[in-house]
Amino acid sequence: MAGITVVGLGPGSREYITPAAEQAIAEADVLVGGNRHLKMYKHLEVEKYPINADLTTLMNIIAAKVRAAKQVVLLASGDPGFYGILATLHRRLPELRPQVIPGISSFQLGCARLGISWEDACLTSCHGRDPTLVVAQVKKHAKVITLTDPANTPPILARALLAEGIGDIPVHVACNLSYADETIISTTLRSLAARADQWSLNNCIMVILNEQ
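We now turn to the structure provided with this report. (Residues numbered from 1 in each chain as written. Predicted model: local features only at pLDDT ≥ 70, side-chain atom pairs only at ≥ 80, totals over all residues. Heavy atoms only, no water.)

### Quick notes on the sheet that holds strand β5 (residues 99-101)
In sheet architecture, strand pairing relies on hydrogen bonds along the backbone and comes in two forms, parallel and antiparallel.
Moving on, step 1. Spatial ordering of the open sheet is given by β3-β2-β4-β1-β5, a layout of 5 strands whose pairing is parallel. Single-partner strands in this sheet number two, and they are β3 (47-50) and β5. Sheet twist, expressed as the mean angle between neighbouring strand axes with direction ignored, is 20°.
Moving on, step 2. The strands that helix α1 (residues 19-26) touches are β1 (3-8), β2 (30-33), β4 (71-76) and β5; relative to β1, the one it contacts most, it runs at about 140°. (Pairing = 2+ DSSP bridges. Helix = DSSP H or I, 4+ residues; strand = E, 2+ residues; numbered from the N terminus. Axes fitted to C-alpha atoms, helices over the stretch in contact; angles between N-to-C directions. Contact = heavy atoms within 4.5 Å.)

### Description of the sheet that holds strand β10 (residues 204-209)
Moving on, step 1. Taking strand neighbours across the sheet as the criterion, the 5 strands line up as β6-β7-β10-β8-β9 in an open arrangement whose pairing is mixed. Lying at the two open borders of the sheet, with one neighbouring strand each, are β6 (122-125) and β9 (183-188). Here the average twist between neighbouring strands, direction ignored, is 15°.
Moving on, step 2. As paired elements, strand β8 (residues 170-175) and β9 share 6 bridges and run antiparallel to each other. For histidine 172, the partnering residue across the bridge sits in β9 and is serine 186.
Moving on, step 3. Across the sheet, helix α5 (residues 106-114) touches β6, β7 (143-147), β8, β9 and β10, and the angle it forms with β7 is around 125°.

### A word on the packing of aromatic side chains
Moving on, step 1. Counting across every chain of the model gives 2 aromatic pairs.
Moving on, step 2. Relative to tyrosine 83, the ring of phenylalanine 82 has its centre 4.7 Å away and its plane inclined at 80°; by these criteria the two rings are edge-to-face.
Moving on, step 3. Between phenylalanine 82 and phenylalanine 107 the ring centres are 5.1 Å apart and the planes differ by 70°, which places this aromatic pair in the edge-to-face class. Linking phenylalanine 82 in the loop between β4 and α4 (85-92) with phenylalanine 107 in helix α5, this pair joins segments that are 25 residues apart in sequence. (Phe/Tyr/Trp six-rings, centres within 6.5 Å; stacked < 30°, edge-to-face > 60°.)

Shown next as C-alpha cells:
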C-alpha cells in the first residue's frame, strides 16, 4: 500500500537491522536516506534520494511520491524517534501519517556493551547544540547519556563540564558501535579532556556518571 514508512536502521551494522525494517525496505518504491544508508541498498533497483542540506526540495519530492501512490521508505540512523528525521518529517509534512519501524539506538547498544542499565539516565544530544545544555543536565542528574558530533566531541564536552565546576567524575565513551572499529573508552573527565587535540573518533555517545 502506498504511503511512507520511517525505518530505524540501528547503530550501523547490517546485523542490527530488524527483520521488520528489512521487509519494509524490500517493499519500497522509493528510498530516502543518507549516502551511507543508500549505499547499503545499492542492489535494490528503486528510486533513491539522498538526505542533504536542501530539506525543502527533499520534502517536496517525498510529498510528490506519496501523492503518486509510491511507497516511500525513509531510512534513519538508530531509532528515528530520538533526535531523528521523524520530527523533521512531522514538522515539514504534517499531513502525512507515516508508519514507523523502530531501530536499536546507540544508547541501547552502548549501554549493553558497558553492561549498565539506562532506565535511570537522562538522554540528550549535542548534535548541533550548545554544550551548556548537557552541562545543565549533568548538574541535575546522576547519569546522563548524550550523543556527540564532530564539533562537540567527547573531549570538548569534557572540557565544558570541567569549566562549569563538574568534578573529575567517571565517563564512558562508545564510538562507531557495531562496526569493526568499534571503540569503548572508560575514563574520567580530566583524562578525556586532555585528549582533545588527538581525538579522531566519530559517531560517539558519552555516558556521564555524576553520582558522587
